[in-house]
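Each chain, letter by letter, is given below.
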Amino acid sequence: MTASSTSPAFRRAGLLVLAALALAGCSRPQPAAEPVRAVKVITVGTSAYGTEPEFAGEVRARIESRLGFRVAGKIIRRQAELGQHVRAGQALAQLDPQDYRLAAEAARAQQAAAQTNRDLAAADLKRYRGLREQNFISAAELERRESTYKAAQAQLEQAQAQLATQGNQAQYTTLVADVPGIVTAIEAEPGQVVSAGTPVVRIAQDGARDVVFSVPEDRAGLVKAGSPVTVRGWADDKEIEGKVREVAASADTVTRTFAVKVAIDAATAPALGATVYARPHALSRNGAAVIKLPTTALRQEGQGSAVWVLDKASMTVRSQPVEVSTADGNEAVIGSGLTPGMQVVVAGVHVLSPGQKVSIYRDKRAAPASAAQEPVKGPGTVVPVSAAR
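Small disclaimer: the values here were computed from a predicted structure and weren't measured.

1. Thoughts on the overall build of the protein chain
Reasoning step 1: Looking only at helices and strands, the protein chain features 6 helices and 25 strands.
Reasoning step 2: When the 389 residues of the protein chain are sorted by exposure, 31% land in the buried category.
Reasoning step 3: Total accessible area on the protein chain is roughly 23400 Å²; 53% of this is exposed by carbon and sulfur atoms.

And the structure:
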């Protein structure tokens, strides 16, 4: 190695070259220009509302009774079965009647004793009246005999009433249906000791039928008694007409909805307990002019919904909050936030940002073959939304 190659000047030059190379390697490349995304838009306008609100309901009997024994005891037999149709007077369940039979026998014996005492008092009164007519006894003695007879008669009447009560209680050990209907629930089983009044069998009475469904609080005030309702069966899609019979005065404590009862013809009513759909005419908006958007145009922004609105002058998008009031089929009904004439992005909304440059998407299949095959170059290349994903 020569002396000139190791001189300080030569070493300094080498260090400068290495530093320049290091700086060149650490510099960041220029970011690529953001592509102009192609978006599909629709022009906001009004259209007719085509869907009527439906509520799921259930067919129930107008009157449903919970039957129980009028006396306490142990159930020894249950004749009623779930879903069975029973007639008036048919036995449904049986209590052990032994204690009530013994009580009835005791009351019968008391009646016999009271009958004997009354007869004896009547015979004494008859004899003493004869003696009084002959002036053998005083008037006060006759009055005492009359009082004895009246007391004996009262005791007899009391014993007779007691016997009738015990006889009724013995009969109450058999639970019978007071009206014809269908057994919808069994609430006690043989071997169970029940108190008087405890529900044992539930019966849906034959006759009028109701459709029961619930409506939210904001719509309960629109449903009035007597307003028409169309009921559609879940199984057969058969439609029948009914009228609102009753609207609950207070909301359900759990669901906070109001129960509505619709009277329908029992002859054409679906089976008891069947699921149906009710369409109250009072809540119908069929034919009303509303603004509707595809659900693909909506996105969540904060606590609500928003859409991208196209500014045609600058070909940029801006976020516009909207209020979705309800749905009409697969479309969202916009309550506020949009006016007719606006252009709203309906596809690829999740890849856009405020102020982003866009172009209106054109279907290449509709363009001439020569134009479709012509390559597009440069930073302004149109990128369809599907490709941007």
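2. Section: helix α2 (residues 98-133)
Reasoning step 1: Its 36 residues place the ends of α2 53 Å apart at the C-alpha level, agreeing with the 52 Å of an ideal helix rising 1.5 Å per residue.
Reasoning step 2: Within α2, the full set of buried residues consists of Y100, A104, A107, Q111, A114, R118, A121, D124, L125 and Y128.
Reasoning step 3: On the buried face of α2, the contacting elements are α3 (139-171).
Reasoning step 4: Looking at the residues trailing α2, positive phi occurs at N135, about 60 degrees.

3. Section: the confidence of the model for the protein chain
Reasoning step 1: Confidence in the prediction of the protein chain, expressed as mean pLDDT, is 84, and 84% of residues score 70 or more.
Reasoning step 2: Contacts from residues 1-5, a stretch scored under 50 in pLDDT, to residues over four places away or in other chains number 3 contacts.
Reasoning step 3: Note that residues 367-389 has pLDDT below 50 and, in this model, 23 contacts with residues that lie over four places away or in other chains.

4. A word on the side chain of T316
Reasoning step 1: Mapped onto the elements, T316 comes out in strand β21 (residues 316-328).
Reasoning step 2: Given the relative accessible area of 15%, T316 is considered buried.
Reasoning step 3: In this structure the side chain of T316 is engaged in a polar contact, spanning 2.7 Å, whose partner is the side chain of S314.
Reasoning step 4: If near-sequence neighbours (up to four positions away) are discounted, T316 is found in contact with V309, L310, D311, G355, Q356 and K357.

5. Structural notes on the nonpolar core
Reasoning step 1: Core analysis: the largest hydrophobic core is formed by 20 residues, its most contacted members being V211, F213, V215, V231, V260, V262 and I264.
Reasoning step 2: Contributing elements (two or more residues each) for this core: β4 (55-61), β13 (209-215), β14 (228-233), β15 (239-247), β16 (258-264) and β17 (275-280).
Reasoning step 3: Sort the elements by how many residues they give to this core and β16 lands first, with 4 residues.
Reasoning step 4: Aside from chain neighbours lying at most four places away, what touches I264 is R209, V211, V231, I240, E241, G242, A269 and P270.
Reasoning step 5: The next biggest cluster of nonpolar side chains, apart from the first, holds 18 residues, and it includes F69, I75, V86 and V183.

6. Looking at the sheet that holds strand β10 (residues 181-186)
Reasoning step 1: If you trace the 4 strands from one edge of the open sheet to the other, you get β5-β12-β10-β7, paired in antiparallel fashion. Two strands in the sheet have a free side with no partner beyond their single neighbour: β5 (64-68) and β7 (85-86).
Reasoning step 2: Examined bridge by bridge, β7 and β10 share 2 bridges and lie antiparallel to one another. Across the sheet, residue V86 finds its bridge partner in β10, namely G181.

7. Comments concerning the sheet that holds β17
Reasoning step 1: The strand order around the closed barrel formed by 6 strands is β4-β13-β16-β15-β14-β17, and the pairing between neighbours is antiparallel. For this sheet, the mean angle separating the axes of adjacent strands, direction not counted, is 45 degrees.
Reasoning step 2: Pairing analysis gives 5 bridges linking β14 to β17, with the strands arranged antiparallel. Looking across to β17, one finds that R232 is bridged to Y277.

8. Re α3
Reasoning step 1: Taking 1.5 Å per residue as the helical rise, α3 with its 33 residues ought to reach 48 Å, and the 48 Å between its terminal C-alpha atoms agrees with that figure.
Reasoning step 2: Listing the buried residues of α3 in full gives E141, L142, A152, Q153, L156, A159, L163 and Q166.
Reasoning step 3: Close packing links the buried residues of α3 with α2.

9. Considering the environment of H85
Reasoning step 1: Looking at the secondary structure, you find H85 in strand β7.
Reasoning step 2: Measuring from C-alpha to C-alpha, the distance between H85 and I203 comes to 9.0 Å, with 118 residues separating the pair along the chain.
Reasoning step 3: Aside from chain neighbours lying at most four places away, what touches H85 is Q90, G181, I182 and D206.
Reasoning step 4: Among the polar contacts listed, one links the side chain of H85 to the side chain of D206, at a separation of 2.7 Å.

Criteria and thresholds
- Residues numbered from 1 in each chain as written.
- Predicted model: local features only at pLDDT ≥ 70, side-chain atom pairs only at ≥ 80, totals over all residues.
- Heavy atoms only, no water.
- Helix = DSSP H or I, 4+ residues; strand = E, 2+ residues; numbered from the N terminus.
- Buried < 20%, exposed > 50% of the residue type's maximum accessible area, 1.4 Å probe, protein only.
- Areas by Shrake-Rupley, 256 points an atom, 1.4 Å probe, with all protein chains shown as cover.
- Expected span 1.5 Å × (residues − 1).
- Contact = heavy atoms within 4.5 Å.
- pLDDT = per-residue confidence, 0-100.
- Polar contact = N/O pair within 3.5 Å; in protein donor to acceptor, adjacent residues only side chain to side chain.
- Core = buried A, V, L, I, M, F, W, Y, C linked by side-chain atoms within 4.5 Å.
- Pairing = 2+ DSSP bridges.
- Axes fitted to C-alpha atoms, helices over the stretch in contact; angles between N-to-C directions.

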